[in-house]
Amino acid sequence: MENKKIKREGAVIFSEYKRGDSINKLKEISRDDVLFELKESGLKGRGGAGFPTSTKWMLTAAAKSDKKYIICNADEGEPGTFKDRVLLTDYPELVFDGMVVGGFTIGAKEGIVYLRGEYEYMLADLELYLNNMRKDNLLGNNIAGIDGFNFDIRIQLGSGAYVCGEETALIESLEGHRGEARNRPPFPVNTGFMGHPTSVNNVETLSAVTHIVLKGGSWFRQYGTNKSTGSKLFSVSGDCEKPGVYELPWGTTISELLEKVEAKDTKAVQVGGASGICLNKEQFSRTLGYEDIATGGSIIVFNKDRDMIHVLKNFMEFFVEESCGQCTPCRIGNTKLLEGVEMIEKGEFTFRYINELKELGKTMQVASKCGLGQSSPNSFISILNNFSEEIFNQGNGGTNGK
Ligand SMILES: Cc1cc2nc3c(=O)[nH]c(=O)nc-3n(C[C@H](O)[C@H](O)[C@H](O)COP(=O)(O)O)c2cc1C
Ligand code: SF4
């Protein structure tokens, strides 16, 4: 049946799948077989960082401990992204079966879904779904008749901080602490939830695993490009006729995507949400993929009527609000970048100071403790560089123009 939320169903994530099929497949294959297929597939984590899933699972499987965990990162806090929501509400079989496969592969008995607080409305349906899985022996003891394979899933609600999507802050939050990023190393694959080896995986990553186990790594690899295998879900919003979730092969250009979503008079495309980069028209031939622009899948389209300094201010206010405050580069740096944007708005700046702020942004990218501060200057630098003509010719010439 046609799903109205999905604007384009591609050949990978939305290919045919029947609940339990990948779990039943585990009767015939070993953990090593799963790891082999994952490596063969070339799957990289879809949460944004792009770490190879086979390596993460291999490290967690190899870690020595009596307890291990697989966590589904359903925090989905990046502005402009909503594809995980659609997977959870309309394709829970892909997400949960992927978690069961993960439990089998790394040797975990418990899986936890860290569900974004704003998604509480889906909790009752998801719990019902898990209960049905238990009734059908797809969760619980000796799953699918596999002797000794005991695994269950529980759901825990987050409570609304963007940084809690970062995997170590997520684990802190799950443990009942304030959501703050941990020092790394040690990495969660060795010391994660309650100090035990833990694999944190994005909703879409787990959905891809479900298909790979059933259809094979080489099946997955035939889509996309050499370094960016498979397909990607894009959450498209903003100034276009057809916003929604699109499954497209990696390697798609921005222009091709704009055509599909029926965007007209597009001036700018923000790829990767607030923490991503903003492209101008001259850059629309660039491709989506690890060879060029890696992304978790948020695409925000801006047409010719949008004011780019206003767009930038909105992103910087978000980061000032969401910085957890633990480290100075991010806590103070984002405030300084926002002040710079406000100075530009008022026309009270010097180009020398703005250039210094761009340098500060580069320092934040290397000196911040976690990915939030490492990526928050991306919008600042790319919008000021790519839209300088518009921004600095709006009567905002600077106090002394230097
Ligand atoms: C500030 C911040 C927010 C993040 N939010 C999410 C999120 O909402 N969902 C997600 O899957 N990953 C998020 N990540 C990435 C996670 O830290 C982690 O890399 C990911 O969950 C790993 O799963 P994957 O390997 O399947 O991509 C975030 C990272 C940062 C720095
Ligand atoms: S980079 Fe920002 S969010 Fe991350 S630890 Fe530092 S202050 Fe907190």
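Bear in mind that the values here come from a model prediction, so they are computed numbers and not experimental data.

Peer 1: Sorry if this is basic, but what is going on with the site of ligand 2 here?
Peer 2: The environment of ligand 2 is made up of Val163, Ser323, Cys324, Gly325, Gln326, Cys327, Cys330, Ser368, Lys369, Cys370, Leu372 and Gly373. Cavity membership is defined here by more than half of the atoms lying within 2 Å of grid points; on that basis ligand 2 lies in the largest cavity.

Peer 1: What is the right way to look at the domain arrangement of the chain in this model?
Peer 2: Interface size is commonly expressed as the accessible area that is lost once the parts come together. In terms of domains, the chain is made up of domain 1 (6-221), domain 2 (231-303) and domain 3 (308-392). Here the C-alpha centre of domain 3 lies 34 Å away from the C-alpha centre of domain 1. Listed as interface residues are 12 residues of domain 1 and, on the opposing side, eight residues of domain 3. Approximately 850 Å² of surface area, both sides summed, lies buried where domain 1 meets domain 3, with 65% of it carried by carbon and sulfur atoms. On the domain 1 side of the interface with domain 3, the three residues burying the most area are Tyr162, Val163 and Ala181, jointly 52% of the side's total. Put simply, domain 1 and domain 3 have zero salt bridges between them. Seen at the junction of domain 1 and domain 3, the total is five residue pairs in polar contact (both at pLDDT 80 or more). Residues of the side of domain 1 that touches domain 3, tallied by class, amount to five nonpolar, three polar and four charged.

Peer 1: Whenever I open this one, the layout of surface pockets confuses me. Can you help?
Peer 2: Which parts of space are left empty comes out when a probe the size of a water molecule is rolled across the atoms. Of the volumes computed, that of the second largest pocket is approximately 220 Å³. Residue lining of the second largest pocket: 15 residues in total, with Ile300, Phe302, Val311, Asn314 and Phe315 positioned closest to the centre. When residues of the lining of the second largest pocket are traced back to their parent elements, those giving at least two are β10 (298-303) and α11 (308-322). Take the lining of the second largest pocket: its biggest share by element is five residues, from α11.

Peer 1: Please clarify how empty space enclosed by the protein should be interpreted in this entry.
Peer 2: One pass over the full model with this rule turns up two cavities of 30 Å³ or more. Of the voids in this model, the largest cavity is the one considered here, and its volume is about 90 Å³. Along its surface, the largest cavity is lined by 13 residues, and Cys324, Gln326, Cys327, Cys330 and Cys370 are the ones closest to its centre. Contributing elements (two or more residues each) for the lining of the largest cavity: α12 (328-346) and α14 (371-375). For the lining of the largest cavity, the per-class residue count stands at seven nonpolar, four polar and two charged. Put simply, the second largest cavity is a space of about 30 Å³. Lining of the second largest cavity is provided by Asp75, Gly77, Arg116, Glu118, Gly160, Ala161 and Tyr162. Partitioned by chemical class, the residues of the lining of the second largest cavity number two nonpolar, two polar and three charged.

Peer 1: Whenever I open this one, the site of ligand 1 confuses me. Can you help?
Peer 2: Surrounding ligand 1, one finds 19 residues, the nearest of these being Gly47, Lys56, Asn73, Asn202 and Thr205. Interatomic distance of 2.9 Å between a side-chain N/O atom of asparagine 73 and an oxygen atom of ligand 1. When ligand 1 is considered free in solution it has 610 Å² of accessible area, and contact with the protein chains removes 89% of it. Counting residues per element, the ones that place at least two in the shell around ligand 1 are β5 (198-202) and α14. With three residues, the top contributor of residues to the shell around ligand 1 is β5. Split by residue class, the shell around ligand 1 holds four nonpolar, nine polar and six charged.

Peer 1: Even after reading the chapter, I still don't get the pairing of strand β8 (residues 266-271), so can you show me in this structure?
Peer 2: Walk down a regular strand and you will see the side chains alternate between the two sheet faces. Counting buried positions over the six residues of β8 gives six, a clear majority of the element. Across five bridges, β8 lies against β10 in antiparallel orientation. Bridge assignment links valine 271 to a residue of β10, and that residue is isoleucine 299. Where β8 folds back on strand β9 (residues 277-280), the antiparallel hairpin that results is connected by five residues, among which glycine 272 adopts a positive phi of roughly 95°.

Conventions and cut-offs
- Residues numbered from 1 in each chain as written.
- Chains lettered and ligands numbered in written order.
- Predicted model: local features only at pLDDT ≥ 70, side-chain atom pairs only at ≥ 80, totals over all residues.
- Heavy atoms only, no water.
- Near = heavy atom within 4 Å.
- 1 Å grid on protein atoms, 1.4 Å probe; cavity = no way out; pocket = protein on both sides within 12 Å on 5 of 7 lines; lining within 4 Å.
- Sits in = over half its atoms within 2 Å of the grid points.
- Domains from an automatic or database assignment.
- Contact = heavy atoms within 4.5 Å.
- Buried area = accessible area lost by both parts, 1.4 Å probe.
- Salt bridge = Lys/Arg side-chain N within 4 Å of Asp/Glu carboxyl O.
- Polar contact = N/O pair within 3.5 Å; in protein donor to acceptor, adjacent residues only side chain to side chain.
- Nonpolar A, V, L, I, M, F, W, Y, C, P; charged D, E, K, R; others polar.
- Points joined across faces, edges and corners; volume = space filled by probe spheres on them.
- Helix = DSSP H or I, 4+ residues; strand = E, 2+ residues; numbered from the N terminus.
- Areas by Shrake-Rupley, 256 points an atom, 1.4 Å probe, with all protein chains shown as cover.
- Buried < 20%, exposed > 50% of the residue type's maximum accessible area, 1.4 Å probe, protein only.
- Pairing = 2+ DSSP bridges.

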